[in-house]
Amino acid sequence: MTDPLIQPAAATSALPVQQRGLAVIRDPLLNKGTGFTEDERAALGLRGLVPPPVVSMDDQVTRIMQNVHRQHSDLDRYTYLETLHDRNETLYFRVLLAHINELTPIIYTPVVGLACSQFSQIYQRSRGMYFSADAVEHFEEMANNWPEDEIEVIVVTDGSRILGLGDLGANGMGIPIGKLSLYVVGAGLHPRRTLPILLDMGTNNQALREDPLYLGRRIPRLTGPAYDTVVEAFMRAIRARWPKALVQFEDFSNDQAFQLLERYRRQLLCFNDDIQGTGAVTLAGILSALRITKQTLSEQRIVFLGAGAAARGIADTIVAGMMAESGISLDAARRQIWTLDSQGLVTLERLDSLSEHKRPFAQDSAPLPDLLAVIQAIRPTILIGVSGQAGSFSEAVIREMHSHCKRPILFPLSNPTSKAECTAEQAYEWTNGAALFASGSPFPPVTRGGHLLVPGQCNNMYIFPGVGQGVVSCQASKVTDAMFYVAARTLAGLVGEDSLAVGRLYPDLTLIREISVQIAVAVGELAFAEGLAGIERPADLEAFIRARMFIPEYLPYVAV
């Protein structure tokens, strides 16, 4: 049976191929492995270079999944799949689409965190580009070394804040690689038009600097003007080489994430997924939860444990939602959000010592030392964890929240799973099944009293692929916060009543391509309405976007 995710390719005309023999097999975007037809084997000089049978793609997928299941650990499964990625990209993405719920946690969160921590040890083949601070004068030359002229999406990290694991330096390259796989799987970006990049600024992780296998620069991480100079040279080189490319900033430390976004968002096409993407997907989950409680966003009292980039991005998106929904002022919306950092509640009393990104949400309140004290004083309806502090949503905290809130909305979002503020089972246990729950990493369903409860995963994959596809499809001149708001509203609207009945706050991930199409259309419509699009509006925008999507099927080849 054909998987419903994998529809026949719109274009079935033969692809001209100049390479011959092993050069075809060694090109991961051309290689079909045992799937080359007899005519292709004859025309491309492949006879004798692959086993004799012509194997169907479905049988190839079956063989891959059998081998996935033979691996002894999740890290082994990650490594095996990346080996496939390196030799046959079409089959790799076909496998991911056909087994998306099982394999997404392997190629991205939570397993990608473990893979990044050991990236230098499991490294097999270069994928993407490395821009090192000691080669800044060569950046434009380096950009020209990449063979593809039509890059649509670049994901770049400096490795300074990888998930909840901190500074992993050049080992952070696993993040851009994984994110771009999700772009292809989720929204059909063509893999040839994506580019993962590691901006190597050194690392403050002493253990990495002393590791003889570490693949990054063994110096303390650059800061201040030296850091800014390298980033500016990088952005100039990227803009000169690929002026229409969308740049996604990923896993930059808080001190850099906000500055880079503000500095470059008006100069070129870019966004920060940790800030804007996380904000949108969290808002979508909250809107779904409010469909269950029959309340409005502006009625909520929201507490954040953690006050970094993710917290600010989520808080800003919620504020935008309150203002759009109820027409309340910016200040009034901000006053319904409380944040805690390592020093306790963020208050006006601490204003002079606060980082710039924390100041807008400083409350005129007496100091409160910890989360339990804040819960008791504020009586929130929504609790969001972006702290990286495992277990910080304790039984006392959750029971206290439930004592004044019939259906507490609990979002422990820290990644990977080992950093989650609480588990789904704990949230349901301590609220007698009343919690409306979503987490950053996946948790299995829970049955209580014969009733199935399905925890949601607040996964940015629901948002950024569709936003990216919408932006590049219409050749938008900039990425706006309004695009992420419409993406959140669109995603929330795609959650069915059957999902809400079991507490699932997000659609099934098997629908990701349809979700991404609808988000891309919404983003594209906004770009056209606001005069940001760089092309004439197609008569049928949805059909235009669908026609651009990469389908992981083998095209017929013709030798030229």
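Residues numbered from 1 in each chain as written. Predicted model: local features only at pLDDT ≥ 70, side-chain atom pairs only at ≥ 80, totals over all residues. Heavy atoms only, no water.

Peer 1: Sorry if this is basic, but what is going on with the overall build of the chain here?
Peer 2: Check the secondary structure of the chain and you find 24 helices and 16 strands. Scaling as 2.2 N^0.38, a compact globule of 560 residues should have a C-alpha radius of gyration of about 24 Å, and the chain matches this with 24 Å. Over its C-alpha atoms, taken along the principal directions, the chain stretches across nearly 75 × 60 × 50 Å. Out of the 560 residues belonging to the chain, those deemed buried represent 59%. (Helix = DSSP H or I, 4+ residues; strand = E, 2+ residues; numbered from the N terminus. Rg over C-alpha atoms; globule rule 2.2 N^0.38 Å. Buried < 20%, exposed > 50% of the residue type's maximum accessible area, 1.4 Å probe, protein only.)

Peer 1: Please clarify how the confidence of the model for the chain should be interpreted in this entry.
Peer 2: For residues with low pLDDT, the predicted coordinates do not support detailed interpretation. The pLDDT averaged across the chain works out to 95; a share of 98% of its residues lies at or above 70. Scored below 50 in pLDDT, residues 1-11 shows 15 contacts in the model against residues more than four places distant or in partner chains. (pLDDT = per-residue confidence, 0-100. Contact = heavy atoms within 4.5 Å.)

Peer 1: Explain the nonpolar core to me, please; I cannot follow it from the model alone.
Peer 2: Taken as a class, soluble globular proteins show a tendency for nonpolar side chains to be buried jointly. Of all hydrophobic cores here, the largest spans 108 residues; its most connected members are Phe304, Ile318, Ile384 and Tyr506. Broken down by element, the residue count for this core peaks at 10 residues, all from helix H23 (residues 512-529). Those residues within four positions of Tyr506 in sequence are excluded, and the remaining contacts are Val281, Thr282, Ala284, Gly285, Phe411, Ala438, Gly456, Gln457, Cys458, Tyr462, Leu491 and Val495. If you look at the next biggest cluster of nonpolar residues, it comprises 36 residues, including Ile154, Ile197, Met235 and Leu261. (Core = buried A, V, L, I, M, F, W, Y, C linked by side-chain atoms within 4.5 Å.)

Peer 1: Got a minute to help me understand unusual backbone geometry in this structure?
Peer 2: If a residue is not glycine, its phi is most likely negative; likewise, a peptide bond is most likely trans. Here the residue pair Thr109 and Pro110 is connected by a cis peptide bond, since its omega of 10° sits within 30 degrees of zero. Along the chain, the position of Pro110 falls in the loop between helix H6 (100-107) and helix H7 (111-117). Cis peptide bonds are those with omega within 30 degrees of zero, and the linkage from Asn415 to Pro416 qualifies with -10°. Position of Pro416 relative to the elements: it lies in the loop between strand E11 (409-412) and helix H19 (424-430). The residue Lys294 is not glycine, and still its phi comes out positive at about 60°. Mapped onto the secondary structure, Lys294 falls in the loop between helix H14 (273-293) and strand E7 (302-305). At Asn432, a position not held by glycine, the phi torsion is positive, near 55°. Its place among the elements puts Asn432 in the loop between H19 and strand E12 (436-439). Its relative accessible area of 59% is what places Asn432 among the exposed residues.

Peer 1: Looking at this model, I keep getting lost on the sheet that holds strand E3 (residues 153-157). Mind explaining?
Peer 2: Within a beta sheet, neighbouring strands are joined by backbone hydrogen bonds and run either parallel or antiparallel to one another. Pairing is parallel across the open sheet formed by five strands, whose spatial order is E2-E4-E3-E5-E6. The strands lining the two open edges of the sheet, one partner per strand, are strand E2 (129-132) and strand E6 (270-272). Going across the sheet, the axis of each strand differs from the next one's by a mean of 25°, ignoring polarity. Pairing geometry for strand E5 (residues 246-249) and E6, over three bridges, is parallel. In the strand pairing of E6, Val247 is matched with Cys270. Relative to E6, H14 is tilted by about 70°, and along the sheet it contacts E5 and E6. (Pairing = 2+ DSSP bridges. Axes fitted to C-alpha atoms, helices over the stretch in contact; angles between N-to-C directions.)

Peer 1: Would you take a moment to explain helix H17 (residues 371-378) for this structure?
Peer 2: Because the α-helix completes a turn every 3.6 residues, residues three or four places apart line up on one side. Within the span of H17, buried status applies to Leu371, Ala373, Val374, Ile375 and Ile378. Of the surrounding elements, those touching the buried residues of H17 are E7, strand E8 (337-341), strand E9 (344-345), strand E10 (382-385) and helix H18 (395-404). If you check the start of H17, you find a side-chain oxygen 3.4 Å away from the backbone N of Leu372, and it comes from Asp370. At the C-terminal side of H17, Arg379 shows a positive phi close to 55°. (Polar contact = N/O pair within 3.5 Å; in protein donor to acceptor, adjacent residues only side chain to side chain.)

Peer 1: Would you mind going over the pairing of E3 with me for this structure?
Peer 2: On any regular strand, side chains alternate: one points to one face of the sheet, the next to the other face. A large share of E3 lies buried, amounting to five of its five residues. By the alternation rule, side chains of E3 split into Val153, Val155 and Thr157 and Ile154 and Val156, which are all buried. Pairing between E3 and strand E4 (residues 194-200): five bridges, direction parallel. Across the sheet, the residue bridging to Val156 is Ile197, located in E4. For the segment spanning E3, helix H10 (residues 174-187) and E4, crossover handedness is right-handed. The pairing of E3 with E5 spans four bridges and is classified as parallel. (Right-handed = clockwise from strand over helix to strand, strands pointing away.)

Peer 1: Even after reading the chapter, I still don't get H14, so can you show me in this structure?
Peer 2: Helix length check: H14, at 21 residues, gives a terminal C-alpha distance of 29 Å against a target of 30 Å (1.5 Å per residue), a fit within 8%. In this structure Asn272 caps H14, since a side-chain oxygen of it lies 2.8 Å from the backbone nitrogen of Asp274. Trailing H14 by a residue or two, Lys294 shows a phi angle of about 60°, which is positive. (Expected span 1.5 Å × (residues − 1).)

Peer 1: What should I look at first to understand the sheet that holds E11 in this one?
Peer 2: Sheet architecture is open: seven strands sit in the order E9-E8-E7-E10-E11-E12-E15, paired in mixed fashion. In this open sheet, the two strands that pair with only one neighbour each are E9 and strand E15 (456-457). As defined by bridge partners, E12 adjoins E15 across two bridges and the pair is classed as parallel. Each bridged residue has a counterpart across the sheet, and for Ser439 the counterpart in E15 is Gln457. Most of the contacts of H17 go to E7, to which it runs at about 175°, and overall it touches E7, E8, E9 and E10.

Peer 1: Any chance you could explain the packing of aromatic side chains here in plain terms?
Peer 2: The geometry of an aromatic ring pair comes down to the distance between the two centres and the angle between the two planes. Counted by the stated rule, this structure contains 12 aromatic pairs. Relative to Phe139, the ring of Phe131 has its centre 5.1 Å away and its plane inclined at 85°; by these criteria the two rings are edge-to-face. You can call Phe131 buried: its relative accessible area is 0%. With centroids separated by 5.3 Å and ring planes inclined at 15°, the aromatic side chains of Tyr462 and Tyr506 adopt a geometry described as stacked. Separated by 44 residues along the polypeptide, Tyr462 in the loop between E15 and helix H20 (464-473) and Tyr506 in the loop between helix H22 (497-501) and H23 bring together distant segments of the chain. Through a chain of ring-to-ring contacts, three or more aromatic side chains come together here, namely Tyr92, Phe93 and Phe550. In this structure, Lys32 packs its charged tip against the face of Tyr557, placed 4.0 Å from the ring centre. Looking at Arg334, its charged tip hangs above the ring of Phe361, at a distance of 5.6 Å from the centre. (Phe/Tyr/Trp six-rings, centres within 6.5 Å; stacked < 30°, edge-to-face > 60°. Lys NZ or Arg CZ within 6 Å of the ring centre and 35° of its normal.)

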